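# Chains, contacts and geometry: an overview
The chain contents come next:
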Amino acid sequence: MSTVFSKIIAGELPGRFVWEDPEVVAFLTIAPVAPGHTLVVPRAEVDRWTDLEPALLTRLNEVAQAVGKAVVEGFGATRAGYLIAGFEVPHTHVHIFPADDMSGFDLSLANPDTPAEEADAAAATLRQSLRDLGYGQFVPED
């Protein structure tokens with residue numbers, strides 16, 4: 001049975017995508033710790049990041065770094081947080097979020113009730129930041 005992330009990637013469930021390439025996608029989480037909280041996910045359904053092929057793990061991290069740069073630029077954050085937990089969905093994913101302190105690393109503080117307008121605005125901000133940083137070829141249209 002496919003994961004919820006595979007269903008989002010396949011278009012069976014909605015997602016606010018900010019990055020799409022042949023191997024990796026990035027979309028906003030439905031429960032952000034901060035505006036712009038993004039999940040970077042391989043298209044391949046692999047449960048544990050330690051089981052990814054090295055080349056795919058490299059690509060996942062390249063995309064995570066690009067999204068991290070866009071998070072810092074777009075949201076004026078001091079840093080971009082990077083977290084792999086993997087307990088919520090059995091499909092490798094990296095959490096990238098604006099971070100000015102350690103609070104973003106506590107996923108129990110995530111807000112599952114973020115208004116759609118705020119999530120849409122955060123996605124638009126990230127897409128524009130990614131374009132401004134030169135990654136436009138991977139950014140889907142708004």
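Residues numbered from 1 in each chain as written. Predicted model: local features only at pLDDT ≥ 70, side-chain atom pairs only at ≥ 80, totals over all residues. Heavy atoms only, no water.

## Regarding the overall build of the protein
Scanning the protein for helices and strands turns up three helices and five strands. When the helices and strands of the protein are listed from N to C terminus, the series reads α-β-β-β-α-β-β-α. Here the protein has a C-alpha radius of gyration of 14 Å; the compact-globule value for 142 residues is 14 Å, and the two agree. Overall size of the protein, expressed as C-alpha extent along the three principal axes, is 35 × 35 × 30 Å. For the protein, the proportion of its 142 residues judged to be buried stands at 42%. (Helix = DSSP H or I, 4+ residues; strand = E, 2+ residues; numbered from the N terminus. Rg over C-alpha atoms; globule rule 2.2 N^0.38 Å. Buried < 20%, exposed > 50% of the residue type's maximum accessible area, 1.4 Å probe, protein only.)

## Details of the pairing of strand E5 (residues 94–99)
Within E5, six of the six residues are buried, which leaves it mostly tucked inside the rest of the structure. Here E5 shows a buried face lined by Val94, Ile96 and Pro98 and a second buried face lined by His95, Phe97 and Ala99. As defined by bridge partners, strand E4 (residues 79–83) adjoins E5 across five bridges and the pair is classed as antiparallel. Looking across to E5, one finds that Ala80 is bridged to Pro98. (Pairing = 2+ DSSP bridges.)

## Here's the deal with the environment of Trp19
Topologically, Trp19 is positioned in strand E1 (residues 17–20). Under the relative-accessibility criterion, Trp19 is labelled buried at 1%. Linking Trp19 and Leu39, residues 20 residues apart in sequence, is a C-alpha distance of 10 Å. Aside from chain neighbours lying at most four places away, what touches Trp19 is Val24, Val25, Ala26, Arg59, Val63, Ala66, Leu130, Tyr135, Phe138 and Pro140. Among the polar contacts listed, one links the side chain of Trp19 to the side chain of Asp21, at a separation of 3.0 Å. (Contact = heavy atoms within 4.5 Å. Polar contact = N/O pair within 3.5 Å; in protein donor to acceptor, adjacent residues only side chain to side chain.)

## Points about the packing of helix H2 (residues 54–75) against helix H3 (residues 116–132)
Here H2 crosses H3 at 110°, and the two axes come no closer than 8 Å. When the interaxial angle is binned, H2 and H3 end up roughly perpendicular. The hand of the H2/H3 crossing is right-handed. Between H2 and H3, the contacting residues are Ala66, Val67, Ala70, Val71, Glu73, Gly74 and Phe75 on the first element and Ala122, Thr125, Leu126, Ser129, Leu130 and Asp132 on the second. The class makeup of the residues in the contact of H2 with H3 is eight nonpolar, three polar and two charged. (Axes fitted to C-alpha atoms, helices over the stretch in contact; angles between N-to-C directions. Parallel < 35°, antiparallel > 145°, perpendicular 65-115°, else oblique. Left-handed = near helix turned anticlockwise from the far one by under 90°. Nonpolar A, V, L, I, M, F, W, Y, C, P; charged D, E, K, R; others polar.)

## A short note on the layout of surface pockets
Where empty space is left can be seen by rolling a probe of water-molecule size over the atoms. Volume-wise, the largest pocket comes out at about 380 Å³. Forming the walls of the largest pocket are 19 residues, and the residues nearest its centre are Phe5, Thr29, Ile30, Ala31 and Leu39. Elements with a contribution of two residues or more to the lining of the largest pocket: helix H1 (4–9) and strand E2 (24–28). With three residues, H1 is the largest single contributor of residues to the lining of the largest pocket. Grouping the constituent residues of the lining of the largest pocket by class yields 12 nonpolar, five polar and two charged. There is about 230 Å³ of room inside the second largest pocket. As for the second largest pocket, its lining consists of 15 residues, and the residues nearest its centre are Thr29, Pro32, Thr114, Glu118 and Ala119. Per element, the largest residue contribution to the lining of the second largest pocket is three residues, and it comes from H3. (1 Å grid on protein atoms, 1.4 Å probe; cavity = no way out; pocket = protein on both sides within 12 Å on 5 of 7 lines; lining within 4 Å. Points joined across faces, edges and corners; volume = space filled by probe spheres on them.)

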